[in-house]
Every structure is written in structure tokens, then in C-alpha cells.
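# Structure at a glance
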Amino acid sequence: MDNKHFYITTPIYYPSGKLHIGHSYTTVAADVMARYKRLQGCDVMFLTGTDEHGQKIEDKAREAGVTPQQFVDDIVTAPGGVLDLWKLMNIQYDRFIRTTDDYHVAAIQKIFRKMHDNGDIYKGSYKGKYCKPCESFWTESQLVDGKCPDCGREVADAEEEAYFFRASKYADRVRDLLLNTDFLEPRSRVHEMVNNFIDCEGGLQDLCVSRTSFTWGVPVDFDPGHVVYVWLDALFNYMTALGYQNDKYSDLEKFWPADAHFVGKEIVRFHAIYWPAFLMSMDLPLPKKVYGHGWLNFNGDKMSKSKGNVVDPYLLSERYGVDALRFFVLRTFPFGSDGNFTNELLIQTINTDLANDLGNLVSRTTAMAEKYFGGKLPGARQANPELDNSLVSLVTGLCSRYEEQMEKFQFQNALEEIFKVIQRANKYIDENAPWALAKDMDANGVRLGTVLYNLLETVRICTVLLTPFMPDSCGKIFAQTGADAAARTWDSAAKWGVLPADVQVHKGENLFPRIDMAKELEELDRIMEEAKKAALPAIEIEPQTEEKVDFDTFCKSDFRAVKVKDCQQVKKSDKLLKFTLDDGTGTDRQILSGIAKWYAPEDLIGKTLVAIVNLPPRKMMGQESQGMLISAVHTEKGEERLNLLMVDDKIPAGAKLC
Ligand code: ME8
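How each quantity is defined
- Residues numbered from 1 in each chain as written.
- Predicted model: local features only at pLDDT ≥ 70, side-chain atom pairs only at ≥ 80, totals over all residues.
- Heavy atoms only, no water.
- Patch = residues over 30% accessible without salt bridge, like charges linked within 9 Å, V, L, I, M, F, W, Y side chains within 5 Å.
- Areas by Shrake-Rupley, 256 points an atom, 1.4 Å probe, with all protein chains shown as cover.
- Salt bridge = Lys/Arg side-chain N within 4 Å of Asp/Glu carboxyl O.
- Helix = DSSP H or I, 4+ residues; strand = E, 2+ residues; numbered from the N terminus.
- Buried < 20%, exposed > 50% of the residue type's maximum accessible area, 1.4 Å probe, protein only.
- Domains from an automatic or database assignment.
- Arc of directions from axis to C-beta.
- Contact = heavy atoms within 4.5 Å.
- Polar contact = N/O pair within 3.5 Å; in protein donor to acceptor, adjacent residues only side chain to side chain.

### Some details on a nonpolar patch on the surface
Residues Val 549, Phe 551 and Phe 554 make up a contiguous nonpolar surface patch of about 350 Å² in total accessible area. Structurally, the position occupied by Phe 551 is in helix α23 (residues 551–555).

### Brief notes about unusual backbone geometry
Cis geometry marks the peptide bond from Glu 185 to Pro 186, where omega comes out at -10°. Omega for the bond connecting Trp 256 with Pro 257 falls within 30 degrees of zero, at 5°, which places this linkage in the cis form. For Pro 257, the location among the structural elements is in the loop between α10 (252–255) and β11 (260–264). The phi angle at Ala 433 is positive, at roughly 40°, despite the residue not being glycine. Tracing the backbone through its elements, the reader meets Ala 433 in the loop between α17 (411–432) and α18 (434–437). Overall, Ala 433 belongs to the buried group, its relative accessible area being 17%. Even without being a glycine, Lys 572 presents a positive backbone phi close to 65°. Looking at where Lys 572 falls in the secondary structure, it is placed in the loop between β16 (559–569) and β17 (577–582).

### Observations regarding the domain arrangement of the protein
What the domain assignment reports for the protein is domain 1 (5–100 + 295–320), domain 2 (342–493) and domain 3 (551–644). For domain 1 versus domain 3, the separation of C-alpha centres amounts to 56 Å.

### A look at helix α12 (residues 313–320)
Listing the buried residues of α12 in full gives Pro 313, Leu 316, Ser 317 and Tyr 320. The arc that holds the buried residues of α12, viewed along the axis, is 95°, so those residues lie on one side. The elements touched by buried residues of α12 are α4 (82–88), α13 (322–332), α14 (343–373) and α22 (517–535). Backbone nitrogen of Tyr 314 and a side-chain oxygen of the N-cap are separated by 2.9 Å at the start of α12; the cap is Asp 312.

The following block contains the structure:
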């Protein structure tokens with residue numbers, strides 16, 4: 001990579017549903033990388049966007065009763081949509097591409113035509129297995145247990161006239177790229193790619209790159225009825241967004257080839273095999289790196305709504321702050337591997353790293369500077385090499401250890417280096433016992449000032465390096481610890497002694513309050529219960545019975561209007577009410593009904609109800625019930641509701657209902 005420019009991309013997202021914390025993983029990581037490169041003084045292009053074509057979107061739009069364009073517009077721009085989520089997560093992208101943007105569509109048409117003209121795209125007929133959610137065709141041998149190898153769902157037979165890309169022609173070059181360069185990382189993914197897709201039975205298959213079975217895509221302009229396969233359309237976003245085959249932008253020379261494409265492991269195949277093959281076909285330089293990160297799993301599954309865990313990034317960031325979330329996903333799991341997301345792990349990370357280690361270091365240091373020096377350190381210094389040197393040398397070497405890890409996208413290790421220093425600094429406080437020094441300020445004041453200065457310098461350097469991960473919180477730490485703009489730069493992170501000797505601190509709010517784990521988990525459970533209830537249908541009505549009843553049988557049921565003379569709760573039963581009814585015969589009728597949950601007995605006296613009176617009498621709680629009262633039942637937000645059928649009081653007792 002040249003040192004001046006840095007081009008990083010995330011995948012472009014399918015705007016097809018609600019986004020969870022897992023979706024923000026790739027984008028947070030890319031944002032951290034982009035901010036880190038900006039900090040180093042690079043001219044950065046950070047691209048993200050949305051992948052808006054394909055059958056899946058067409059189907060969802062139809063279900064929602066809107067056009068595909070309306071559907072994607074809504075998911076991209078609505079509150080809680082893609083743009084909103086990136087704003088929430090403090091993602092500082094430089095450009096946002098939508099594959100429905102006119103310039104991109106026109107560019108894809110040109111690219112398709114060029115590949116057709118150079119003979120790499122040809123017409124054929126496709127027979128295969130199609131996975132609709134993944135929009136992927138598979139050969140029989142690629143299926144796993146007869147299902148889609150990417151998502152594990154059912155596939156269906158499909159055949160259509162289609163254009164094909166001559167991927168087979170590039171098999172050797174792609175194999176060489178994967179095996180003999182560091183194009184794809186982590187390296188553990190390389191053999192999987194080569195063995196499963198290039199050195200498999202039949203070798204690398206040509207790829208079907210057009211569809212005729214739906215219309216929501218980039219039309220092949222020289223063959224109406226065909227739309228460009230969504231992955232060819234989507235992958236080229238990385239170049240059209242810089243101005244390739246269009247006049248909208250003109251950054252291609254500056255930024256292409258990309259320094260890094262960050263992608264989830266399930267789409268490595270497209271980025272590590274077909275994407276380079278497309279570029280080879282177009283005689284274009286290849287990106288320098290594809291990094292396939294792992295998944296954040298929720299109970300072992302990338303997609304599942306987590307059982308027992310809150311995964312909504314809005315709710316999580318409201319409770320813990322966006323910075324804590326950004327930090328958590330990169331601190332807790334190695335970027336190349338899968339990690340299991342739980343609320344407990346999130347809270348534990350916040351408590352250990354942010355509240356205990358970092359938060360404590362900042363608040364103890366600033367509190368002591370205020371308490372002992374009124375916030376402004378004395379200019380004089382008194383070093384104690386025995387106590388100071390090991391801290392100072394650990395801190396001054398931090399920047400290069402961090403850089404080494406960041407360059408390899410090993411965010412977890414980079415953060416580990418920082419937290420080793422933070423933990424060392426907390427130990428340095430205990431070793432120097434400032435509170436003991438403060439007992440005799442005349443003798444020890446200068447030494448105490450030096451201890452606090454060393455701590456402030458340590459905090460400053462750690463904060464510079466944490467800024468890409470937690471930009472807002474780091475801004476606040478700088479403000480509290482008196483670090484001005486010059487003390488926040490990349491260069492200053494490798495230097496000791498940048499803060500002025502008489503630095504002024506301002507103890508501020510506690511940035512990372514400790515969370516009471518047990519209480520918080522209980523509260524999250526409660527929130528989820530409520531959310532579950534809110535998601536239940538407002539009103540549910542039992543479906544009508546298919547089975548027919550013949551007219552004569554129905555007419556045998558004798559429905560009568562009855563007036564409630566008395567109504568009482570049955571003793572020892574919390575369900576039953578006992579009704580004394582006037583049924584027009586002159587003799588009282590007693591009916592028991594299990595409706596105590598919905599009515600107070602006194603409210604029913606005098607009402608005109610409907611009863612079926614020719615049922616055989618039966619005993620309930622030792623009392624006879626002579627019939628049944630008719631009610632309407634339905635379910636509201638998951639709870640059963642019942643309303644007695646009440647009729648006009650003008651109707652006399654005993655009137656027959658028919
Ligand atoms: O794949 N953990 O879009 P997408 C980690 N449109 N990463 C996750 C995740 C999880 N639980 N869930 C999703 C697409 N992701 C295509 C890309 S690029 C030319 C076209 C990640 O919306 C996923 O791995 O399905 C991928 O990197 C990104 O979110 C977008 O996924």
C-alpha cells in the first residue's frame with residue numbers, strides 16, 4: 001500500500017430487513033480501519049452502500065405491495081434503515097453507493113457488453129439448483145446434504161437461457177493468486193476456496209451471469225429479457241463508485257486498486273474467486289486484499305434472532321453507548337473467527353475493560369490532579385527511574401506494536417496491546433501510592449506531580465490509539481486530561497512528553513459507569529418480554545370451522561334471551577360465576593360459567609344475555625348448571641379475551657333466538 005492513499009470497502013448490504021448487531025460488524029471494523037488510516041494522515045476512501053437488485057428484493061416488494069424501488073428506498077432511508085444505522089454506529093464513510101444509482105446501472109451495462117465483446121461472456125442454457133435467498137446457482141456436487149452450502153436452506157431445480165462468464169479460463173490464475181500471494185486472508189480460508197471451487201471435481205465452473213426469470217436488475221441492453229446477475233452487478237460497485245465506466249466520479253486512479261475489501265466469510269467465494277476473474281477478464285488491476293471475517297453468532301447461528309439476547313443495535317447503544325458496542329465487537333472476538341454474542345459477554349467486557357481498567361485510570365488520575373494540585377500540575381519534575389522506566393518504555397513502544405497489529409487487521413490484538421499498558425498504569429498508581437506522597441507535599445509534591453504527569457501521558461497515548469474504535473469517548477478523555485489537538489495526533493502517539501509540563505486537567509463525567517450484571521440481565525429479559533408481547537398480533541380470531549353442520553341439527557339448539565336476577569362467585573373457585581336467570585318459564589334457571597376472570601358478578605345483574613337451554617344439565621364444583629351462556633372470544637396481544645353476548649333489554653326473558 002502506498003502511504004498516502006487508502007481505499008477500504010465493506011460489502012454492500014441487502015436492504016431486505018431489520019439490521020442487527022451482527023450486520024454492523026463488518027462496517028464497524030472498516031470504519032475503525034478508515035479512521036486509523038486518517039489518523040496516520042492518509043487520504044482515505046471508505047466506501048459502503050446497498051445491493052438493491054435481485055429476485056429476493058422483487059419478491060419482498062411484491063409481498064409488501066410496493067414497487068421494488070419504493071421498497072429499497074424505504075429500507076435504505078427510513079428510520080432504522082441502513083443509513084440511519086450507520087449514523088447511529090458513528091460510521092464515517094466517504095461514499096455511499098446504491099446499485100440502483102443511474103451511473104452504476106449504466107456502467108454495469110457497459111461492463112457486461114465489454115465482457116461479451118471480448119468473448120468471456122457467452123450465451124448458453126442453465127440447469128442447476130437455485131437457492132432463492134442467496135440468489136445462487138449450485139451444481140449437485142456443491143450442495144451440502146442436498147441443501148444450499150451457504151445458508152443451509154432448500155434449493156430448487158431451475159433451467160433458463162442465460163449468459164455465462166468464462167470463469168474456467170481464469171482458474172489457473174486465480175489459483176495462483178490465492179495460493180502464492182497474500183491476496184486472501186486469513187490464510188485459513190485459502191485452501192477451502194481452492195479445494196472446494198477450483199480443484200474440485202470438474203474444476204472451476206463457468207458462472208451464470210444473467211437471469212430471465214425476474215426483471216428487477218440491470219437490463220442486458222443488447223438482449224431484452226435478461227438482467228445481469230446480482231453478484232456481477234454488486235461486485236463492480238467497488239469500482240463504479242470511483243468512476244469506473246462513468247463520469248459521476250473520478251477517483252479511480254487515486255484509489256484503485258483497493259487496499260482492502262472486508263467481507264463476511266460466506267461471501268469470500270465471490271470476492272476471492274469471481275471478483276478477481278472478472279477483473280482479469282477486463283484487464284484491470286486486482287485489489288490488494290480480501291479479508292474474510294467470521295460471524296457474530298447468536299446461539300450458533302448467524303441469522304437467528306437471538307434467543308434470550310437483545311441484539312437490536314438501537315437498544316444496545318441507548319443503554320451502553322455506541323462506543324462500547326463498537327469496542328466490544330472488535331475487542332472480544334478475533335476478526336477472522338466466529339464469536340458467540342451474548343449480552344452477558346457485552347456487559348462483562350464493558351465492566352472489565354472500560355469501567356475497571358480504562359475508566360478507573362482516567363478518573364483516578366484526573367481526580368488526583370484536581371485534589372492535589374487544583375487541576376494544574378506543577379512544571380517541575382522528579383523522575384524515579386526504578387519506578388518510571390518500565391512504564392515509560394512500555395508506553396513509548398505501544399504505537400509500533402499497535403500499528404503492527406492494525407496493519408494485519410488484528411483489532412483484538414491491537415486492543416490487547418493498549419489494555420496491557422492501561423493495566424500497567426493502574427499498577428503504577430498502586431506502586432507509587434500518590435495518596436501517601438500527598439501527605440507531605442513540601443517533600444514529595446514534585447514527585448507526585450511527576451507520577452500524575454506520567455499517568456496523563458500514558459492515558460494520552462492510549463487514547464490516541466483508541467480513537468478509531470471509540471471516537472466520541474476518546475474526545476471526552478482528551479478534554480478531561482488536557483490533551484490539545486497537537487497531543488492527539490498519530491505522530492504524538494510515538495513520543496513521550498508531549499503534554500505541557502503544567503498541563504491542566506478537568507475531571508468530568510464518569511465515561512464508562514459499571515453495570516450491575518444481575519440487575520441488567522433481568523432488565524434486558526423484561527425488555528425482551530415486552531418486545532415479544534408488542535410483536536404479538538393486536539387481535540387474533542379463531543379460524544372458522546371447515547366442518548359443516550346440517551340445518552336440522554343446528555335448529556335443535558334452543559337459544560333464549562335470559563335476564564340475570566342474581567350472580568355470585570362460586571366459593572373456592574376463582575373461575576366460576578353462578579347465575580340465577582329468568583328464562584321466561586317462571587322457574588329460575590341456574591347456569592355456571594367460567595368467566596370470573598373477565599367480570600365482576602355485581603356488574604352483570606339485570607343484563608339480558610343469551611343462553612343455550614336444552615343442554616343436558618351437568619355438575620360443576622358440586623352445583624348443577626342448566627345450560628350455557630354464549631360469549632364472544634378472541635385473543636388480544638396474546639391474551640384471551642371474553643365478552644358475554646348481551647342483547648337489547650327490550651327483548652323479554654325467554655324470547656327464542658333463531
Ligand atoms: O452479503 N456476523 O449482503 P448482506 C457478522 N449484498 N457479519 C454479518 C452477520 C453476522 N451475524 N450478519 C451479516 C451481502 N453480516 C451482499 C454483499 S458485496 C459486493 C455484496 C455481514 O446484507 C455479512 O457477512 O447479506 C456481510 O459481510 C455483510 O454483513 C452484508 O451482508
